[in-house]
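# Observations on the model geometry
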Amino acid sequence: MAGSPTARRRRLSIELKKLRETSGMTCAQVGAAMDWSGSKVNRMETGHGRVQPTDVEALCRLYETSDELRGFLRSLAQEAKTKGWWQLHGSGIPEWFNIYIGLEQDAASFRQYQCEVVPGLLQSPDYIRALHVADSRTDPFEVERAIDVRMERQGMLTREHAPEAAFICHEAALRNLVGGRSVMRGQLERLLGVGDSTSVTLQVLPFDSAPHPITGAFTILGFPDPEDPDVVYRDGITDAVYLEGEPHVREYTRAFELIQAAALDTKRSRQLISRTLKENIR
């Protein structure tokens, strides 16, 4: 079973939609049978509404599921109500980012392209602090909580059964002086240590790379259970977009592969990071 509350909620939504489609009923028909609105059923199936264990019981009776499946779905609904560790940090992270962290914690594969900043899971504490200060988040307590959350997230890369993580970072991110030269030196040194992990790869897309898709940053999360489809994630200043449809995932996967082909291999990427570090020291 998926580990985080977010992943449990997502799995529950997927299973409820499958049951309805197997029954041949529409959301409106299910809503009418349950004395609910069709929009409530839709929210349950898209993860935008909280599903109570009692709702699961009622739907399972309607769909005439087995006792075993009903128990499984009820447990998902119950456990989805718990809070993840990251939510205990209060305002340390934006509310809209909670969903992403929950999915990230259960990912089996992780592919990310960053074009302006160093990937978050590879950032140093000083670099994180400088980003938040530059973003006008100058409340010291709030900034430190945000750093704690990100550093704890980074533990996923070194835990047992760590996800296969592939990062592509544009050369521009290596040369942006976030926090000044001293902060960037520490950050570049941290990136050079990425090669010590067997489950993490880091490639740099140089300024003079071959033609490739021009796009903003994005992440593709893959999950261990084949029932859980991949998710494409893109974020902005105040919100985020999650794409799960097969056409979206296919196109972003294609874009990542083309960018990956245009990027330097891991050895030459380390060489470019080393050269950038030496230039920074001068």
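Let us look at the structure shown here. No experiment lies behind these values; they were computed from the predicted model shown. (Residues numbered from 1 in each chain as written. Predicted model: local features only at pLDDT ≥ 70, side-chain atom pairs only at ≥ 80, totals over all residues. Heavy atoms only, no water.)

### A short note on the nonpolar core
- Leu122, Leu157, Phe167, Leu191, Leu202 and Ile273 are the most contacted members of the largest nonpolar core, which totals 37 residues.
- By residue number, the principal contributor to this core is helix α10 (residues 181-192), which donates five residues.
- Core analysis: the second largest hydrophobic core is formed by 18 residues, Met44, Leu59, Tyr63 and Leu73 among them. (Core = buried A, V, L, I, M, F, W, Y, C linked by side-chain atoms within 4.5 Å. Buried < 20%, exposed > 50% of the residue type's maximum accessible area, 1.4 Å probe, protein only. Helix = DSSP H or I, 4+ residues; strand = E, 2+ residues; numbered from the N terminus.)

### Thoughts on the packing of aromatic side chains
- Evaluation of the coordinates by the stated rule reveals six aromatic pairs.
- Ring centres of Phe218 and Tyr252 lie 5.0 Å apart, and the angle between their planes is 70 degrees; this geometry places the pair in the edge-to-face category. You can see Phe218 sitting in strand β4 (residues 218-222) and its partner Tyr252 sitting in helix α11 (residues 246-262), a full 34 residues away along the chain.
- On the basis of relative accessible area, Tyr252 is assigned to the buried category, the value being 15%.
- Among the aromatic side chains, those forming a connected cluster through ring pairs are Tyr113, Phe218, Tyr252 and Phe256.
- The ring of Trp36 has Lys40 sitting right over it, with the charged end atom 4.1 Å from the ring centre. (Phe/Tyr/Trp six-rings, centres within 6.5 Å; stacked < 30°, edge-to-face > 60°. Lys NZ or Arg CZ within 6 Å of the ring centre and 35° of its normal.)

### Points about the pattern of salt bridges
- All chains considered together, the criterion is met by 16 salt bridges.
- Between Glu244 and Arg10 there is a salt bridge whose closest N-O contact spans 2.9 Å. Separated by 234 residues along the polypeptide, Glu244 in the loop between β6 (240-243) and α11 and Arg10 in helix α1 (residues 5-23) bring together distant segments of the chain.
- Among the ionic pairs, Glu171 bridges to Arg175, the shortest N-O distance being 2.8 Å. Placement of both Glu171 and Arg175 in helix α9 (residues 171-175) is noted, with a separation of four residues, approximately one turn of the helix. (Salt bridge = Lys/Arg side-chain N within 4 Å of Asp/Glu carboxyl O.)

### Brief notes about helix α5 (residues 67-79)
- Helix length check: α5, at 13 residues, gives a terminal C-alpha distance of 18 Å against a target of 18 Å (1.5 Å per residue), a fit within 8%.
- What α5 keeps buried is the set Leu73, Leu76 and Ala77. The arc enclosing the buried residues of α5, seen along the axis, measures out at 95 degrees, which places them on a common side. Along α5, exposed side chains directed more than 90 degrees from the buried face belong to Asp67 and Glu68.
- Among the structural elements, α1 and α4 (53-63) are those in contact with the buried residues of α5. (Expected span 1.5 Å × (residues − 1). Arc of directions from axis to C-beta. Contact = heavy atoms within 4.5 Å.)

### A few points about the environment of Leu202
- By the secondary structure assignment, Leu202 is in strand β3 (residues 200-205).
- What makes Leu202 buried here is its relative accessible area of 8%.
- Those residues within four positions of Leu202 in sequence are excluded, and the remaining contacts are Leu122, Phe167, Cys169, Leu191, Val194, Thr266, Ser269 and Ile273.

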